[in-house]
Protein chains: 2
Amino acid sequence: MNDYISDADSQVTVNLASRSYSIEIKPGLLNQLSKALGSFVSNEHVILVTDSNVAELYLESVVSQISEIAQRVDVICVNPGEESKSIPVCNELWQQMVDFNTDRQSVVVALGGGVVGDLAGFLAASFARGIRFIQIPTTLLAQVDSSVGGKVGVNLPSAKNMVGAFWQPEVVLIDPLVLETLDEANFRAGLAEVIKYGLIMDVDFFASLESSADLIGQREPEVLTRCIARCCQCKAAIVEEDERETSGRRAILNYGHTYGHAIEAVFGYGRFLHGEAIAIGMTCAARLAREFGMVPDSFVTRQTELFRKMKLPVDCPAERHDELLASMKHDKKVARGELKLILPVRIGEVVVLAAPEDQLILNSLKN
Amino acid sequence: MNDYISDADSQVTVNLASRSYSIEIKPGLLNQLSKALGSFVSNEHVILVTDSNVAELYLESVVSQISEIAQRVDVICVNPGEESKSIPVCNELWQQMVDFNTDRQSVVVALGGGVVGDLAGFLAASFARGIRFIQIPTTLLAQVDSSVGGKVGVNLPSAKNMVGAFWQPEVVLIDPLVLETLDEANFRAGLAEVIKYGLIMDVDFFASLESSADLIGQREPEVLTRCIARCCQCKAAIVEEDERETSGRRAILNYGHTYGHAIEAVFGYGRFLHGEAIAIGMTCAARLAREFGMVPDSFVTRQTELFRKMKLPVDCPAERHDELLASMKHDKKVARGELKLILPVRIGEVVVLAAPEDQLILNSLKN
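This one's a predicted model, so the numbers in the text were calculated from it and none came from an experiment.

So, the side chain of A:Lys235
Residues and elements named next belong to chain A.
- The topology assignment puts lysine 235 in helix 9 (residues 221-241).
- In this structure the side chain of lysine 235 is engaged in a polar contact, spanning 2.9 Å, whose partner is the side chain of aspartate 145.
- What lysine 235 contacts, discounting residues up to four positions off in sequence, is Asp145, Val148, Tyr197, Arg250 and Leu253.

Okay, structure coming up:
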């Protein structure tokens, strides 16, 4: 079934009982889709969701390959960018799915970055109360984070990812070679999530990122493949422990995210890429942890240095801090009105801290 | 825990592993909510969703009772009627939930009929990727059908219930005494779903409905309580076998519904109540089954007579049959472009029939 995967490639399994699936990571995979999808699509109706940037590069080839195995392929192409992750866009696309005669046997395939995956996943989770769903992530951020674990959804004007579902894909197909066409800013932003895995759970991985920062920056395919696989292993382990973010374990993935979501919401989704916002957010969180004496100054320095080496921003804008605080208090990780933050205790370990004082949060926003 | 339930009352369990829950049926239950909800709400934030008709009758009392056990109660009150089950309404209400500082520990309580339950359930299923949900159905239709089994969702302009989820409630609290305030048309419409259980799976129940039709029409509380409990048992048994409508077993609950949804969509949700539309739909389905020789004429007569006795419509409007056919082909029960219909073989048993010819469907619409 998976004989097209050679020894050099990676396969990570996410064990979730009846919702288990595999993540396949292989350079060149995007040119072997009819084989790679063969176990999942056989004469089904496929709705391929993508954005116009990705479409320009890959749509023709991908549609042609899927058409070999599908009954028919309908394409939904959205505008690139966070603005497409909205209810008004969903409303149009649900109607488009009806017009495509989409039914419960149809399969949604997401080809794109985090926005496309989150949006397509929510369309799949909600159409006809849930249809099948496959992820083909094309950005580093989507490959190491958003395509794995089943979190799908869209934004409300005042709150990111506030409407959505846990809806697991049937398979995730990752081709590290597509990163060659990713613009520098988005590649760097994806590295913020890569570094996050080191910070929250894997000190050896963090050290290897420090030592291979240059090769990673040059997008060396073998190094990237190993990096992506390590991230997917980390993510799979956490998702297996806490699929629906109920035990608190999965919450550690949100290191930097409560700050980051607020930064994106307050300053507009255009000003910072998600990865940039969470690099700033992790920096704020580290400062707050230092304030509590949870980490020494050297932790903040080491974390900040790797972000800088990867050309990621670490400074929060100096204005609108009251709005940032208010936005953080609307975050989904708020429980019973009490804000909870993920804070580091050392490289490779974070904890949940409940209800820090407003003034301390405001201080942590200052560079 | 349930000591407020006396022997005369009924409790039905829906066994769905970690998603199991109980349905409690007791005259007067709506005045014992702080006890009945005590195991489910303790100092949580509650969002009570209702409509203005129900609010007028019960809101003050219900809010007061829930306030005894909740941290705070916020109320969402929608317009009565199917028009509220829409994405634009959801979009407003999601935002309202943000404004209420709703978080993952908040609980949505649906107080109302099928529209309120379906809408509130979808809000609960989708807000912050899913929060807890309790059903207090106040119409016969909701008590015997829509509040049990976890189907939640809203309509698209061209397709009923097309956006939604399977999202099980934590408990269903049914007070048959609230039916005293239900208008005659909605009470009768609910009886269509009651009769449906007899037709699809329980010939003895069907016979008891025939023999106690007058008492039921007079809304005799004890008879109604037994009726509702029997319906909930039937529904629970099917949902336990096929929670997500994948094996085909759950599809039998849709007897009359493919026709009925098309009738509602084509003629507008205002012209027929859901129960009225499916009474017509079951009549059409019975005629189609007779055409195939699956049931004798006496079946159609017996079914039609009980509908008539309950003052339910059985005649499909004579116009726009081509539109009805087209709408039926958009139904969620279509698989790989092939329409499937639930047809009777005898009182108490139905089967799934795939791909009947268009002309036969059109014939079945004629009275």
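A word on unusual backbone geometry
- Within the chain, A:Asn43 stands out as a residue other than glycine whose phi angle is a positive 70°.
- For A:Asn43, a relative accessible area of 45% translates into the label partly exposed.
- At B:Arg320, a residue that is not glycine, the phi angle is positive and equals roughly 60°.
- For B:Arg320, the location among the structural elements is in the loop between helix 12 (297-309) and helix 13 (321-328).

Describing helix 13 of chain B
Residues and elements named next belong to chain B.
- Regarding helix 13, the residues found buried are His321, Leu324, Leu325, Ser327 and Met328. The buried side chains of helix 13 occupy one side of the element, clustering within an arc of 165° when seen end-on.
- On its buried side, helix 13 packs onto helix 10 (257-267), strand 10 (340-346) and helix 14 (358-364).

Quick word on the packing of aromatic side chains
- Under the counting rule described, the total for this entry stands at 4 aromatic pairs over all chains.
- The ring of B:Tyr197 carries B:Lys196 above its face, with NZ or CZ at 5.2 Å from the centroid.

Remarks on the relation of the copies chain A and chain B
- Once turned by 180° and shifted 0.0 Å along the axis, chain A lies on chain B with an RMSD of 0.0 Å. Both chain copies can therefore be described as sitting about a two-fold axis.
- Interface overlap between copies is the fraction of interface residues in one copy that are interface residues in the other; for chain A against chain B it reaches 100%, indicating a shared surface.

Re the packing of helix 10 (residues 257-267) of chain A against helix 11 (residues 274-291) of chain A
Residues and elements named next belong to chain A.
- Running from N to C, helix 10 and helix 11 point in directions that differ by 130°, and their axes come no closer than 7 Å. Considered as vectors, helix 10 and helix 11 are oriented oblique to each other. Like other packed secondary-structure pairs, helix 10 and helix 11 cross with a definite hand, here right-handed. Counted together, His257, Tyr259, Gly260, His261, Ile263 and Glu264 of helix 10 and His274, Ala277, Ile278, Ile280, Gly281, Cys284, Ala285 and Leu288 of helix 11 form the full contact between these two elements.

Quick word on the state of the cysteines
- Scanning the entire structure with this criterion turns up 0 disulfides over all chains.
- Summary of cysteine pairing: A:Cys231 is not part of a disulfide, and the nearest cysteine sulfur, belonging to A:Cys227, is at 5.9 Å.
- The exposure class assigned to A:Cys231 is buried, which follows from its relative accessible area of 0%.
- A:Cys90 supplies the cysteine sulfur nearest to B:Cys90, a cysteine that is in no disulfide, at a spacing of 11 Å.

Brief notes about the pattern of salt bridges
Residues and elements named next belong to chain B.
- A full pass over the atoms with the stated rule returns 48 salt bridges over all chains.
- Among the salt bridges present, the one from lysine 235 reaches aspartate 145, with a minimum N-O distance of 2.9 Å. On the criterion of sequence distance, the pair formed by lysine 235 in helix 9 (residues 221-241) and aspartate 145 in helix 5 (residues 140-146) is long-range, its members being 90 residues apart. Side by side, lysine 235 and aspartate 145 carry an identical accessibility label, which is buried.
- In this structure, the salt-bridge partner of glutamate 222 is arginine 226, at a minimum N-O distance of 3.8 Å. On the criterion of helical spacing, the pair formed by glutamate 222 and arginine 226 is a turn pair, its members being 4 residues apart in helix 9. You'll find glutamate 222 and arginine 226 in the same group, each marked exposed.

So, the pairing of strand 3 (residues 45-51) of chain B
All names here are of chain B.
- Where burial is concerned, most of strand 3 is hidden: 7 out of the 7 residues are buried.
- On strand 3, burial covers both faces: His45, Ile47, Val49 and Asp51 on one face and Val46, Leu48 and Thr50 on the other are all buried.
- Bridge count for strand 3 against strand 4 (residues 72-78) is 7 bridges, and the pairing is parallel. Looking across to strand 4, one finds that isoleucine 47 is bridged to aspartate 74.
- As defined by bridge partners, strand 3 adjoins strand 5 (residues 107-112) across 4 bridges and the pair is classed as parallel. In the sheet register, isoleucine 47 faces strand 5, and the bridge partner there is valine 108.

A word on helix 11 of chain A
All names here are of chain A.
- In this model helix 11 runs 25 Å from its N-terminal to its C-terminal C-alpha over 18 residues, within 8% of the 26 Å that 1.5 Å per residue would give.
- Among the 18 residues in helix 11, 16 count as buried, and that is most of the element.
- Among the residues trailing helix 11, glycine 293 stands out with phi positive, at a value near 75°.

Digging into the packing of helix 6 (residues 184-201) of chain B against helix 7 (residues 203-211) of chain B
All names here are of chain B.
- Put simply, helix 6 and helix 7 touch, their axes get as near as 6 Å, and they point 140° apart. Between helix 6 and helix 7, the angle falls in the class oblique. In this structure, helix 6 meets helix 7 at a crossing whose hand is left-handed. Note on element contacts: helix 7 touches helix 6 through Val203, Phe205, Phe206 and Leu209, opposite Val194, Ile195, Tyr197, Gly198, Leu199 and Met201.
- Partitioned by chemical class, the residues of the contact of helix 6 with helix 7 number 9 nonpolar, 1 polar and no charged.

Let's talk about the domain arrangement of chain A
Residue and element names in this part refer to chain A.
- Parsing chain A into structural domains produces domain 1 (11-181) and domain 2 (184-364).
- Using only C-alpha atoms to locate each centre, domain 1 and domain 2 end up separated by 25 Å.
- Here domain 1 meets domain 2 over a buried area of about 2900 Å², counting both sides, of which 63% is carbon and sulfur.
- Sorting the residues of domain 1 by area buried against domain 2 places Val144, Lys160 and Phe166 first, and these three jointly supply 22% of that buried surface.
- Applying the counting rule to domain 1 against domain 2 returns 5 salt bridges.
- At the boundary of domain 1 and domain 2, one finds 11 residue pairs in polar contact (both at pLDDT 80 or more).

Focus: the interface of chain A and chain B
- Listed by partner, the interface residues are 40 residues for chain A and 40 residues for chain B.
- A buried area of about 3600 Å², summed over both sides, lies between chain A and chain B, and 52% of it is on carbon and sulfur atoms.
- At the boundary of chain A and chain B, one finds 2 salt bridges.
- Residue A:Glu245 is joined to B:Arg104 by a salt bridge in which the shortest nitrogen-to-oxygen separation is 2.9 Å.
- Counting across the interface, chain A meets chain B through 12 residue pairs in polar contact (both at pLDDT 80 or more).
- Looking at the side of chain A that touches chain B, the elements that each hand over two or more residues are helix 3 (87-99), helix 4 (114-126), strand 7 (151-156) and strand 8 (159-166) of chain A.
- Considering only residue class, the side of chain A that touches chain B consists of 18 nonpolar, 13 polar and 9 charged.

Notes on the pairing of strand 10 of chain B
Residue and element names in this part refer to chain B.
- As paired elements, strand 10 and strand 11 (residues 349-354) share 6 bridges and run antiparallel to each other. Residue pairing across strands places lysine 340 opposite alanine 354, the latter belonging to strand 11.
- Taking the residues between adjacent antiparallel strands as the criterion, strand 10 and strand 11 are bridged by 2 residues, where glycine 348 takes a positive phi near 100°.

Description of the side chain of B:Ser327
Residue and element names in this part refer to chain B.
- With respect to the secondary-structure elements, serine 327 resides in helix 13.
- Given the relative accessible area of 17%, serine 327 is considered buried.
- Each residue touching serine 327, except ones within four places of it in the same chain, is listed here: Ala262, Ala265 and Val266.

Here we look at the environment of A:Val54
Residue and element names in this part refer to chain A.
- Note that valine 54 resides in helix 2 (residues 52-67).
- Once the C-alpha coordinates of valine 54 and serine 42 are considered, the two residues, 12 residues apart in sequence, prove to be 25 Å apart.
- Beyond its immediate stretch of four places on either side in the chain, valine 54 contacts Leu59, Leu111, Gly112 and Thr138.

Criteria and thresholds
Residues numbered from 1 in each chain as written. Chains lettered and ligands numbered in written order. Predicted model: local features only at pLDDT ≥ 70, side-chain atom pairs only at ≥ 80, totals over all residues. Heavy atoms only, no water. Helix = DSSP H or I, 4+ residues; strand = E, 2+ residues; numbered from the N terminus. Polar contact = N/O pair within 3.5 Å; in protein donor to acceptor, adjacent residues only side chain to side chain. Contact = heavy atoms within 4.5 Å. Buried < 20%, exposed > 50% of the residue type's maximum accessible area, 1.4 Å probe, protein only. Arc of directions from axis to C-beta. Phe/Tyr/Trp six-rings, centres within 6.5 Å; stacked < 30°, edge-to-face > 60°. Lys NZ or Arg CZ within 6 Å of the ring centre and 35° of its normal. Least-squares fit on C-alpha atoms with pLDDT ≥ 70 in both. Axes fitted to C-alpha atoms, helices over the stretch in contact; angles between N-to-C directions. Parallel < 35°, antiparallel > 145°, perpendicular 65-115°, else oblique. Left-handed = near helix turned anticlockwise from the far one by under 90°. Disulfide = S-S within 2.5 Å. Salt bridge = Lys/Arg side-chain N within 4 Å of Asp/Glu carboxyl O. Pairing = 2+ DSSP bridges. Expected span 1.5 Å × (residues − 1). Nonpolar A, V, L, I, M, F, W, Y, C, P; charged D, E, K, R; others polar. Domains from an automatic or database assignment. Buried area = accessible area lost by both parts, 1.4 Å probe.

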